[in-house]
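Summary of structural features
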Amino acid sequence: MSFVKDIKRSDISPFLVMEAFREAHEVTKTGADVIHLSLGQPASKPPQQVLQKVAERMMEDKLGYTDACGIPALRERIAKHYRDEYGLEVPAERVFITIGSSAAFFLSMLCAFNPGDKLAIARPCYPAYPNMMKALDLVPVYLHTTTEDNFQPTVAMLEALPEKPQGLVIASPSNPSGTVIGPKRMKQLVEYCEQHGIRLISDEIYHGVTYGQRETSSVLEHSQQMIIINSFSKYYLLPGWRLGWVVMPENLCRPYETMLQNFFISPPAIAQHAALAVFECKDELDEVVRGYAVNRQILLDELPKAGFNELSPAEGAFYIYANVSSLTNDSREFCRRMLNEAHVCAVAGLDFDKESGHAYVRFSFAGETAEIREAMERLKRWMNKTA
């Protein structure tokens, strides 16, 4: 009897960011010093105040299971965050703590949609979104965007679809382009979704990380019927602690809670205490964002000198999406050469867009400023040699 079968979800693509990270590790084995412009991971450690609070809690607490929805104090603190930052009243009962934003997305899709439902999503996009959809037998419907659209969806794109989707996933600021949906467009999208019964999921994990006059608005400012997802991995500097949260519409709260109970028992207790403490470190967190702004400007100034002339505006998050069509028609091979010859690791656009990604490369500027500067010098030398 054979146990070999056609695996139903074998069409889920590998995550090229992690593939690039693995390839970079192999290069370092040769003695090369690789600079990463690949991972969307803050270089800064959590604030010292957070680490001290965690150490105290570890000595005092058993750190057993918590409520499946998260510890009440953290849910209340997130509700306060919406009052302080957005002027919104969000009941703590609608806030659920999750194991990173990834679990929040997975369970939100499972809770809000049925197999076969269509979910619209702008392309390029974070690759885990469509891969989660496929794993749940949902159908991603891609909205092709360009620099002219600021790599963000519009109502016109939704209206042009042959049939209305059951859902829409948006991200502002976005990964990989770092672009922001302005208040007017955000309001139009939310109102359109409400009018047509389209459940919107808003990825807000890069809120707090914006530059210049570009400010982010939450979908909650326009509707209480949509799903909001955030994370402690980016602005809050806790990526390895694997903690996020979701704000659910009232009618989905009980189904979401039961799924949390069955899938994950509870979020990690120690990470929740770290998250509770990090809310009191806003000045330090904002200082880190000012450091990202310095890194961002270095890339905007220096990448064109290396031949990367068409760049996304990088209004938020810590990514620049570069059009490299004048340099290559194979961004993955181009990134491999960049890694092996210049010892700079970036990510091919194919991770974010299977159709047009061959012409794009994503650069992350979440690292240390000195390394960002050195990476730019390496790229300029490398490009001069290959010109």
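Preceding this paragraph is the structure being described.
Residues numbered from 1 in each chain as written. Predicted model: local features only at pLDDT ≥ 70, side-chain atom pairs only at ≥ 80, totals over all residues. Heavy atoms only, no water.

On to the sheet that holds strand E3 (residues 118-123), then. The mixed open sheet is built from seven strands, whose spatial order is E2-E8-E7-E6-E5-E3-E4. Strands at the two margins of the open sheet, each flanked by one partner only, are strand E2 (95-98) and strand E4 (139-144). Here the average twist between neighbouring strands, direction ignored, is 25°. Here five bridges tie strand E5 (residues 167-171) to strand E6 (residues 199-203), and the two strands are oriented parallel to one another. (Pairing = 2+ DSSP bridges. Helix = DSSP H or I, 4+ residues; strand = E, 2+ residues; numbered from the N terminus. Axes fitted to C-alpha atoms, helices over the stretch in contact; angles between N-to-C directions.)

Our next topic: helix H7 (residues 183-195). Between its first and last C-alpha atoms H7 spans 18 Å; for 13 residues at 1.5 Å apiece the expected length is 18 Å, and the two agree. Restricting attention to buried positions, one finds in H7 the residues Met-186, Leu-189, Val-190, Tyr-192 and Cys-193. Take H7 and look down its axis: the buried residues cluster within an arc of 160°, on one side only. Pointing more than 90 degrees away from the buried face of H7 are the exposed residues Pro-183, Lys-184 and Gln-195. Where H7 is buried, its residues contact helix H6 (155-159), E5 and E6. (Expected span 1.5 Å × (residues − 1). Buried < 20%, exposed > 50% of the residue type's maximum accessible area, 1.4 Å probe, protein only. Arc of directions from axis to C-beta. Contact = heavy atoms within 4.5 Å.)

As a further point, take the environment of Val-246. Its location among the elements puts Val-246 in strand E8 (residues 244-247). Exposure remark for Val-246: the relative accessible area of 0% places this residue in the buried category. With sequence-adjacent residues up to four places away left out, Val-246 is seen in contact with Arg-94, Val-95, Phe-96, Thr-98, Ala-104, Ser-108, Ile-227, Ile-228, Ile-229 and Tyr-256.

Below, the discussion takes up unusual backbone geometry. Going from Arg-123 to Pro-124, the amide bond is cis rather than trans, its omega being 15°. Looking at the secondary structure, you find Pro-124 in the loop between E3 and helix H5 (128-135). Phi at Ile-265 is positive, roughly 65°, even though this residue is not glycine. With respect to the helices and strands, Ile-265 occurs in the loop between helix H8 (253-264) and helix H9 (269-278). Classification of Ile-265 as partly exposed rests on a relative accessible area of 43%. Phi is positive for Ala-317, which is not a glycine, with a value near 60°. Among the structural elements, Ala-317 can be located in the loop between strand E9 (310-311) and strand E10 (319-323). Ala-317 gets classed as buried once you look at its relative accessible area, which sits at 0%.

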